[in-house]
Amino acid sequence: MVPPADLEILRAVNQPAGVFVDWAMEAASSRSILLGIAGIAALYAAFRSVHRWLAAVLILVAIGVADLTSARVVKPLASRARPCQELHDVRALVGCGAGRSFPSTHAADSAAAATVFAWALPRVSVVGVVIAAAVGFSRVYLGEHWPSDVAAGWALGVALGLFLLFVSRLRYLFVHR
């Protein structure tokens, strides 16, 4: 059963808004574009962050860990259908994914990367937050996810990003004794 708020928000967001918005939302959900942005962010962090290559590696590791955790652990447990699979009138501009819906792996990946990016480069952290927000919004706009899938993906991504930062800090207990 779909929570009423999920259905209302989906219906409000999953509306035609013009060719440019459709294109922007498809771009915000494109794996190749997002991985390119992640690569650029990692390189930028490697040269601009005080944490250097550790920050770059952690950004990429965060995406991998979030992706695996979301797609291989949580989605099979939740086994929730996508809106485009459940409702006949949902606009699915990029087709309807065959996988499960909860949580949004795109949202988890982008939130995990944004969390590490914010730690690495606090002055420009808003860039990561805006990208993660755009990715999450695009998933609902495209009819691929329920809003609660996106919120859960963001929460999972932030939690995993913080966990990786915590683990990376543990090295000081053993290296700097």
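Note that the structure is predicted; figures quoted are calculated from it, not measured.

K.L.:
Is there a simple way to explain the environment of Phe-102 in this structure?
P.N.:
Its location among the elements puts Phe-102 in the loop between helix H5 (83-86) and helix H6 (105-120). Judged by relative accessible area, Phe-102 falls into the partly exposed class, the value being 25%. Placed 12 residues apart in sequence, Phe-102 and Val-90 show a C-alpha to C-alpha distance of 17 Å. Excluding its chain neighbours within four sequence positions, the residues that come into contact with Phe-102 are Val-74, Lys-75, Ala-78, Arg-80, Ser-148, Asp-149 and Ala-152.

K.L.:
Looking at this model, I keep getting lost on the state of the cysteines. Mind explaining?
P.N.:
Disulfides are covalent bonds that connect the sulfur atoms of two cysteines. All told, the structure shown has 1 disulfide when counted by the stated rule. Disulfide partner of Cys-84: Cys-96, at an S-S distance of 2.1 Å. In this structure, the disulfide formed by Cys-84 and Cys-96 twists by about 80° around the S-S bond and is classed as right-handed. Of this pair, Cys-84 sits in helix H5 while Cys-96 sits in the loop between H5 and H6, and the two are 12 residues apart along the sequence. Given a relative accessible area of 15%, Cys-84 falls into the buried group. The class for Cys-96 is partly exposed, based on a relative accessible area of 36%.

K.L.:
Could you clarify how one ought to interpret the environment of Ala-108 in this entry?
P.N.:
Mapped onto the elements of the fold, Ala-108 is located in helix H6. Aside from chain neighbours lying at most four places away, what touches Ala-108 is Ala-66, Ser-70, Gly-153, Trp-154, Leu-156 and Gly-157.

K.L.:
Please clarify how the nonpolar core should be interpreted in this entry.
P.N.:
It is characteristic of soluble globular proteins that their nonpolar side chains tend to be buried jointly. Ala-45, Ile-59 and Val-116 are the most contacted members of the largest nonpolar core, which totals 20 residues. Every element with two or more residues in this core is listed here: helix H3 (31-48), helix H4 (52-78), H6 and helix H8 (147-175). Membership of the second largest hydrophobic core comes to 13 residues, among which are Val-2, Leu-87, Trp-146 and Val-150.

K.L.:
How do you make sense of the packing of aromatic side chains when you look at a structure like this?
P.N.:
Two aromatic rings, taken as a pair, are described by how far apart their centres are and by the angle between their planes. Applying the stated criterion across every chain yields a total of 2 aromatic pairs. Aromatic side chains Phe-47 and Trp-53 sit 5.6 Å apart centroid to centroid with 75° between the ring planes, which places their arrangement in the edge-to-face category. For Phe-47, a relative accessible area of 53% corresponds to the exposed category. Of the residues examined, Trp-53 reaches a relative accessible area of 49% and is grouped as partly exposed.

K.L.:
What am I meant to see in the environment of Lys-75 here?
P.N.:
Here Lys-75 shows up in helix H4. Here Lys-75 falls in the buried class, since its relative accessible area comes to 9%. In this structure, the C-alpha to C-alpha distance between Lys-75 and Pro-103, residues 28 residues apart in sequence, is 6.3 Å. Not counting residues within four places of it along the chain, the set of residues in contact with Lys-75 comprises Ser-70, Arg-82, Arg-100, Ser-101, Phe-102, Pro-103, Thr-105 and His-145. Side-chain polar atoms of Lys-75 contact the side chain of Thr-105, separated by 3.5 Å.

K.L.:
What should I look at first to understand the pattern of salt bridges in this one?
P.N.:
Side chains carrying opposite charge are able to pair once their charged atoms draw close together. Using the criterion set out here, one finds 8 salt bridges in the structure. Here Asp-22 ties to Arg-91 by a salt bridge, and the two come within 3.3 Å at their closest N and O atoms. Of the two residues, Asp-22 is situated in helix H2 (residues 19-28) and Arg-91 in the loop between H5 and H6; the sequence distance between them amounts to 69 residues. On the accessibility criterion, Arg-91 (18% relative accessible area) is buried. Several salt bridges converge on common partners, so that one network encompasses Asp-6, Arg-80 and Asp-149.

Criteria and thresholds
- Residues numbered from 1 in each chain as written.
- Predicted model: local features only at pLDDT ≥ 70, side-chain atom pairs only at ≥ 80, totals over all residues.
- Heavy atoms only, no water.
- Helix = DSSP H or I, 4+ residues; strand = E, 2+ residues; numbered from the N terminus.
- Buried < 20%, exposed > 50% of the residue type's maximum accessible area, 1.4 Å probe, protein only.
- Contact = heavy atoms within 4.5 Å.
- Disulfide = S-S within 2.5 Å.
- Core = buried A, V, L, I, M, F, W, Y, C linked by side-chain atoms within 4.5 Å.
- Phe/Tyr/Trp six-rings, centres within 6.5 Å; stacked < 30°, edge-to-face > 60°.
- Polar contact = N/O pair within 3.5 Å; in protein donor to acceptor, adjacent residues only side chain to side chain.
- Salt bridge = Lys/Arg side-chain N within 4 Å of Asp/Glu carboxyl O.

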